[in-house]
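Per-entry structural report
Listed below are the residues making up each chain.
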Amino acid sequence: MKRIQKRALAVSLLVIVILALTALYVTRWAVHGGEWAGFSSNGDAFTAGRIRAGTIRDRDGETLYTVRDGEGSYAGDDSVRRACLHIIGDRAGFIGSGAIFNYAGTILGYDPVNGLYSADGAGGVLTLSVDAGAQKAAWEALDGRNGAVAVINYVTGEVVCCVSSPAFDPENPPEAAPDDTSGIYMNRPLSAVYTPGSTFKLITLAAAIENIEDVFDRDFHCTGSMEVGGGRVTCTHAHGDMKLEDALALSCNCAFGQLALELGGETLQKYAEQYGLTKRQSVDGLHTAAGRFDAGAEGSLNLAWSGAGQYNDLVNPMAMARFVAAIANSGDAPALTMVKETTRLGISYDHIMNAATADKIAQIMDYAVQRTYGPENFPGLTLRAKSGTAEVGTDRPNAWFVGFIEDPDHPYAFAVCVENAGFGSSVAGPVANAVLQAAVE
Ligand SMILES: [Zn+2]
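Presented here is an overview of the structure given in this document. (Residues numbered from 1 in each chain as written. Predicted model: local features only at pLDDT ≥ 70, side-chain atom pairs only at ≥ 80, totals over all residues. Heavy atoms only, no water.)

Thoughts on the nonpolar core
Within the largest apolar cluster, 95 residues are counted, with the highest numbers of intra-cluster contacts made by Ile88 and Phe323. Looking at which element gives the most residues to this core, the answer is helix 12 (residues 317-328), with ten residues. Two domains each donate at least three residues to this core, and these are domain 1 (1-128) and domain 2 (190-440). For Ile88, the residues in contact, after removing those within four places along its chain, are Ile56, Leu64, Tyr65, Tyr74, Gly98, Ala99, Ile100 and Leu128. In this structure, Ile95, Val163, Phe401 and Leu436 belong to the second largest nonpolar core, which totals 40 residues. (Core = buried A, V, L, I, M, F, W, Y, C linked by side-chain atoms within 4.5 Å. Buried < 20%, exposed > 50% of the residue type's maximum accessible area, 1.4 Å probe, protein only. Helix = DSSP H or I, 4+ residues; strand = E, 2+ residues; numbered from the N terminus. Domains from an automatic or database assignment. Contact = heavy atoms within 4.5 Å.)

Topic: helix 5 (residues 132-142)
Counting buried residues in helix 5 gives eight out of eleven residues, a clear majority hidden from the surface. Within the span of helix 5, buried status applies to Ala132, Ala134, Gln135, Ala137, Ala138, Trp139, Ala141 and Leu142. Its buried side turned inward, helix 5 meets strand 4 (63-68), helix 2 (78-88), strand 7 (147-153), strand 8 (159-165), strand 19 (412-418) and helix 14 (424-440). The backbone nitrogen of Gly133 lies 2.8 Å from a side-chain oxygen of the residue at the head of helix 5, namely Asp131. Asp143 occupies a position one or two residues after helix 5 and carries a positive phi of about 50°. (Polar contact = N/O pair within 3.5 Å; in protein donor to acceptor, adjacent residues only side chain to side chain.)

Here's the deal with the sheet that holds strand 6 (residues 124-127)
The strands that make up a sheet are held in pairs by hydrogen bonds between backbone atoms, and each pair lies either parallel or antiparallel. Strand order in this open sheet of four strands is 5-4-3-6, and the pairing throughout is mixed. Where the open sheet ends on each side, the last strands, each with one partner, are strand 5 (71-74) and strand 6. Put simply, the sheet's adjacent strands are angled 15° from each other on average, direction ignored. Relative to strand 6, strand 3 (residues 54-57) runs parallel, the two being bridged by four bridges. Opposite Thr55, over in strand 6, you have Val125 as the bridge partner. (Pairing = 2+ DSSP bridges. Axes fitted to C-alpha atoms, helices over the stretch in contact; angles between N-to-C directions.)

With respect to the layout of surface pockets
One number sums up the size of the largest pocket: a volume of about 560 Å³. If you go around the largest pocket, you meet 24 residues; those closest to its centre are Ser198, Thr236, Ser251, Thr389 and Phe423. Every element with two or more residues in the lining of the largest pocket is listed here: helix 13 (355-373), strand 17 (383-390) and helix 14. Top contributing element to the lining of the largest pocket by residue count: strand 17, with three residues. (1 Å grid on protein atoms, 1.4 Å probe; cavity = no way out; pocket = protein on both sides within 12 Å on 5 of 7 lines; lining within 4 Å. Points joined across faces, edges and corners; volume = space filled by probe spheres on them.)

Focus on the coordination of the zinc ion
Coordination of the zinc ion by the protein involves Cys222 (SG), Cys235 (SG), His239 (ND1) and Cys252 (SG), with metal-donor separations of 2.1 to 2.3 Å. Between the four donor atoms coordinating the zinc ion, the angles at the centre fall across 107 to 114°, so the site counts as tetrahedral. Donor residues binding the zinc ion come from one chain and are separated in sequence as C-x12-C-x3-H-x12-C. Highlighted residues: Cys222 in strand 9 (residues 220-222) and Cys252 in the loop between helix 8 (244-249) and helix 9 (253-263), separated in sequence by 30 residues. (Donors = N, O, S within 2.8 Å, 3.2 Å for Na, K, Ca; no water. Tetrahedral: all angles 85-135°; square planar, octahedral: opposite > 155°, others 65-115°.)

Some points on empty space enclosed by the protein
Here the structure, examined in full by the defined rule, presents one cavity of 30 Å³ or more. Estimated volume of the largest cavity: approximately 30 Å³. Leu64, Tyr74, Ala75, Val80, Arg81, Cys84, Leu85 and Ile88 are the residues that line the largest cavity. The biggest single contributor to the lining of the largest cavity is helix 2, with five residues. Residues of the lining of the largest cavity, tallied by class, amount to seven nonpolar, no polar and one charged. (Nonpolar A, V, L, I, M, F, W, Y, C, P; charged D, E, K, R; others polar.)

Some points on helix 13
The end-to-end C-alpha distance of helix 13 is 25 Å, a good match for the 27 Å that 19 residues give at a rise of 1.5 Å each. Listed in full, the buried residues belonging to helix 13 are Thr357, Ala358, Ile361, Ala362, Ile364, Met365, Ala368, Val369 and Tyr373. Where helix 13 is buried, its residues meet helix 7 (201-211), helix 8, helix 12, strand 17, strand 18 (398-405) and helix 14. Two to three positions downstream of the cap, the backbone nitrogen of Ala356 sits 2.8 Å from a side-chain oxygen, assigning the N-cap of helix 13 to Asn354. A positive backbone phi angle near 85° is found at Gly374, which sits one or two residues after helix 13. (Expected span 1.5 Å × (residues − 1).)

Some details on the sheet that holds strand 19
Taking strand neighbours across the sheet as the criterion, the five strands line up as 8-7-19-18-17 in an open arrangement whose pairing is antiparallel. What marks the edges here is a single partner per strand, and that holds for strand 8 and strand 17. For this sheet the average axis-to-axis angle between neighbouring strands, irrespective of direction, equals 5°. When strand 18 meets strand 19, the two strands line up antiparallel, connected through six bridges. Residue Ala399 lies in a different strand from strand 19, and its bridge partner there is Val418.

Some thoughts on the packing of aromatic side chains
The tally for this structure, following the rule as stated, stands at eleven aromatic pairs. Considering the side-chain rings of Tyr154 and Phe404, the 5.9 Å spacing of their centres and the 85° angle between planes classify their relative orientation as edge-to-face. Placement of the pair is Tyr154 in the loop between strand 7 and strand 8 and Phe404 in strand 18, with a sequence separation of 250 residues. Like Phe404, Tyr154 is buried. When the centroid spacing of 5.1 Å and the interplanar angle of 80° are considered together, the rings of Tyr373 and Phe401 count as edge-to-face. Taken together, the residues span a long stretch of sequence, with Tyr373 in helix 13 and Phe401 in strand 18 at a distance of 28 residues. By relative accessible area, Tyr373 is classed as buried at 5%. (Phe/Tyr/Trp six-rings, centres within 6.5 Å; stacked < 30°, edge-to-face > 60°.)

Below is the structure:
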């Protein structure tokens, strides 16, 4: 009798182990099945390393890429092809950020019930969150200049525009050059870092609002330059007497240098980190480049310049757009995605900024548009913005324009950087306007 009990117990244990392993397998299959099917050595899915069949569309259903029997073709419009190169990928596979590689399972049409079965051999459909019209507008507005354009929906976290220049026509690629150094294969909005220039004043502003008592009552005075630690912080001209709002709207280096010295390097560093600018940010598992903030020595010229976005400051355009999205969204930065959201349920947020601080900064960015950038230059858009003209040691500075539009139907935050192109608002401002006009259409 005892022996039978022991055997029954052993059998029960065995059954439990089998059930547990089955449950584990089913769970892993449900979660990772698409990746397994999309693994490039799967002969049912790939021909010579290329996806056999599938379609990539933009958020409005416009076809950006189709592949049949392993032969891919890109969009018909020349500008759309170039604008979408870095988010779709190239045939040679040099562009690692491409959807062809990162969403292979979805493009192939994998689903947990039917596997890779596709009745008509057409594969699946991947619907990206980008807007082909905004992509095209960004590419054309960059007009041959190098740079990065990132637009995200600050409510859903969807990337609406992600354009990198230089690019090439994927239907007519250049000679294969895996050791290329021109950066033509780099997806700049994700992988580049740039000196932020005065766009970084938004971070210094946030730190000042939260750490300096009565900072809004303070009077700032600019004579055009300020002596610090044996060197000089300079402005383009003397800004005269200002309140804090004016210091941002006029982008006064002396006022922000003074605030940086007062706040100290450690505090500024803490804010740059908290706002996600020094970390890699995830876009569906693709990672942005990490930015950098080095706190210069207390009281130093370097510290003063770092608060105005110079010295060793570096930021990534997509991370900058995410930071601005948090300003627009009362402090909440949405998780970023390249795939069109079909449901609001899955959206998660990082609360990176105090809501009152975010709302106050949004007001001041509104003031900057009214006073400096001119609402007439952005017709129909309720724009909040900050420009940046980043000195990078060449003849011409990098031009930045970042901000968002206050529009419940089109909640878009953006970061535009045009390399070696001139003044922020006059060069990058029109690029931002062109992209936003196309995105709200
Ligand atoms: Zn000044």
